[in-house]
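Structure assessment
Read off the chains here:
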Protein chains: 2
Amino acid sequence: MREAYHEELSSISEGLVEMANQVGSAIGRATTALLDADLTLAEGVISGDDSVDVLHRDLENRAIAVLARQQPVATDLRVVVTSLRMSADLERCGDLAQHVAKLARMRFPEPAVPRELHGTILEMGQLAQRLMAQACEVILTQDVDAALRLEQDDDRMDELHRMVFHHLLDDQWQHGVEAAVDVALVGRYYERFADHAVSVARRVVYLVTGQRMKQTVTDERVTA
Amino acid sequence: MREAYHEELSSISEGLVEMANQVGSAIGRATTALLDADLTLAEGVISGDDSVDVLHRDLENRAIAVLARQQPVATDLRVVVTSLRMSADLERCGDLAQHVAKLARMRFPEPAVPRELHGTILEMGQLAQRLMAQACEVILTQDVDAALRLEQDDDRMDELHRMVFHHLLDDQWQHGVEAAVDVALVGRYYERFADHAVSVARRVVYLVTGQRMKQTVTDERVTA
């Protein structure tokens, strides 16, 4: 029974890694679609989210099957329950990548993001993708130090999020209300994506060390 | 053992009802704080979210303890796992109510919402509170028809959300970019709150009937 249990557990872990890979790729492609006004790429991200949802559903069913068949206790039980939560985080990241792509599609053939914000949004997109790659590594290696580095990169995301808002609310903003609302929502999507990636890493740390990492409290609306 | 199990299960269910009550009240008070620029009320909602988080943590621990001690299978197992998910939905609703209150605090003593949108935002706030009360009733009664009514009220929320965006992007908008961004984010907070309330009800229906309710796919950004 222990061997069967560990096989099932490792298949759940593989499912999480596959989800993390897919949503990491999705946020990268969604960012390109947004900045280049690339409709084909946007459509690909939007339809590709179904595959993440299928992985999520499948992983939930397998986790519940493990609970029913193996009836794990103590640490083993926490591993399975935590996997369910990580799967929910990753599924939500897929939704957020899809939202970015939908915005690109909605504004096509116009670009949704004004030229002078391209650099900042590109950095947010790349950072989101990198955070997810790191979260994926943390799942695979259970490396607590790597999880801590993730927190630092997330601080940079919060800083970029603040910069976007300062720019939006600057008197020099010349792109009107619609573009401001688009950019505010996009900024929020990246910030939420990063939060979920950090959350995945924190859950792994909790499993490994039994210690909850300190939750950084950031105001959602970061402007003063 | 069965009796102990049902006692523990019923205590988990009571925890969910208590969380639903607290976040329903929080979104109502946050709405008043937002529309009346009431700082004391806003501070109360912001600090009160700790209590929701404690309930959430406590409920998670009890659910895991039930899994460990009672090792439920089949339907019983799904009930416990589903409770974990409902708790996560409700915890997120608490965060969203807190975001609305934080916006009221950030703009104080100015009101964050222009006068002509007060009616729409008030309706969104009341609807959010009502949806949560209905979700709470569904948890208590497991009434599938009540869950279906919830879906209809959520359609109204989506309609209000669309109305807010149309107003924001109207050429007549005279409140500048900052107010537009505030209102766009507030609209999203209510819409997300409603989605989580509906999600709670859907999970109950799934437990009772074994059927997943059709998920209404709505674009996140509802403007054309």
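Residues numbered from 1 in each chain as written. Chains lettered and ligands numbered in written order. Predicted model: local features only at pLDDT ≥ 70, side-chain atom pairs only at ≥ 80, totals over all residues.

All right, on to the overall build of chain A then. Each helix and strand counted, chain A has six helices and zero strands in total. If you list the helices and strands of chain A from N to C, you get α-α-α-α-α-α. Here the C-alpha radius of gyration of chain A, 19 Å, is about what a compact globule of 224 residues would show, namely 17 Å. With respect to the principal axes defined by its C-alpha atoms, chain A has extents near 65 × 35 × 20 Å. Considering chain A as a whole, with its 224 residues, one finds that 43% of them fall into the buried category. Put simply, of all contacts in chain A between residues at least 6 apart along the chain, 82% involve residues at least 24 apart. (Helix = DSSP H or I, 4+ residues; strand = E, 2+ residues; numbered from the N terminus. Rg over C-alpha atoms; globule rule 2.2 N^0.38 Å. Buried ≥ 20, exposed ≤ 12 C-beta atoms within 10 Å, placed from the backbone. Contact = placed C-beta atoms within 7 Å.)

To continue, consider the interface of chain A and chain B. On the side of chain B, 27 residues touch chain A, which itself brings 27 residues to the contact. Broken down by secondary-structure element, the contributors of at least two residues to the side of chain A that touches chain B are α2 (39–70), α3 (74–107) and α6 (176–209) of chain A. Take the side of chain A that touches chain B: its biggest share by element is ten residues, from α3(A). Partitioning the side of chain A that touches chain B into residue classes produces 19 nonpolar, two polar and six charged. (Nonpolar A, V, L, I, M, F, W, Y, C, P; charged D, E, K, R; others polar.)

This paragraph deals with helix α6 (residues 176–209) of chain B. All names here are of chain B. Here α6 contains 34 residues, and its C-alpha end-to-end distance of 49 Å stays within 8% of the 50 Å for a straight helix at 1.5 Å per residue. A large share of α6 lies buried, amounting to 26 of its 34 residues. Looking one or two residues past α6, G210 carries a phi angle of roughly 75°, positive in sign. (Expected span 1.5 Å × (residues − 1).)

Mapping chain A onto chain B leaves a residual RMSD of 0.0 Å; the transformation is a rotation of 180° accompanied by 0.0 Å of translation along its axis. Overall, the copies show the geometry of a two-fold rotation axis. The overlap is high: 100% of the interface residues of chain A also sit at the interface in chain B, so the same surface is used on both sides. (Least-squares fit on C-alpha atoms with pLDDT ≥ 70 in both.)

Attention shifts here to helix α5 (residues 144–168) of chain B. Between its terminal C-alpha atoms α5(B) stretches 37 Å, which fits the 36 Å expected from 25 residues at 1.5 Å a residue. Every buried residue belonging to α5(B) is among A147(B), L150(B), D154(B), M157(B), L160(B), H161(B), V164(B), F165(B) and L168(B), and all of these are buried. Residues of α5(B) that are buried make contact with α6 of chain A together with α4 (118–141) and α6 of chain B.

Glycine aside, residues mostly have negative phi, and peptide bonds are mostly found in the trans state. All names here are of chain A. Here the residue pair F108 and P109 is connected by a cis peptide bond, since its omega of 5° sits within 30 degrees of zero. Unusually for a residue other than glycine, A74 sits at a positive phi of about 50°. Following the sequence through the fold, A74 ends up in helix α3. Phi angles above zero are rare outside glycine, and Q142 is one such case at about 55°. Assignment of secondary structure puts Q142 in the loop between α4 (118–141) and α5 (144–168).

All names here are of chain B. Where helix α3 (residues 74–107) contacts α6, the two axes come as close as 9 Å, and the packing angle between them is 165°. The angle between α3 and α6 places the two elements in the roughly antiparallel class. Pair α3 / α6 crosses with left-handed handedness. Split into classes, the residues belonging to the contact of α3 with α6 amount to 13 nonpolar, four polar and seven charged. (Axes fitted to C-alpha atoms, helices over the stretch in contact; angles between N-to-C directions. Parallel < 35°, antiparallel > 145°, perpendicular 65-115°, else oblique. Left-handed = near helix turned anticlockwise from the far one by under 90°.)

Locating E123(A) in the fold gives a position in helix α4. When the C-alpha atoms of E123(A) and V138(A) are compared, they prove to be 22 Å apart, with 15 residues separating the residues in sequence.

Another aspect to go through is the confidence of the model for chain A. Residue and element names in this part refer to chain A. In the predicted model, chain A carries a mean pLDDT of 91, and the fraction of residues at 70 or more is 93%. Predicted confidence is poor over residues 216–224, with pLDDT under 50, and the contacts of this stretch with residues over four places away or in other chains come to 15 contacts. The ipTM, which scores confidence in the relative placement of chains, is 0.87 for this predicted complex, and the corresponding pTM is 0.91. (pLDDT = per-residue confidence, 0-100.)

A separate point is the environment of G119(B). Checked against the element boundaries, G119(B) lands in helix α4. For the pair G119(B) and L35(B), spaced 84 residues apart in sequence, the C-alpha to C-alpha distance is 9.6 Å.

With that out of the way, let us pick up the environment of V138(B). If you trace the backbone, V138(B) turns up in helix α4. When sequence neighbours within four positions are dropped, the list of residues in contact with V138(B) reads D143(B), A146(B), A147(B), L150(B), A201(B) and V204(B).

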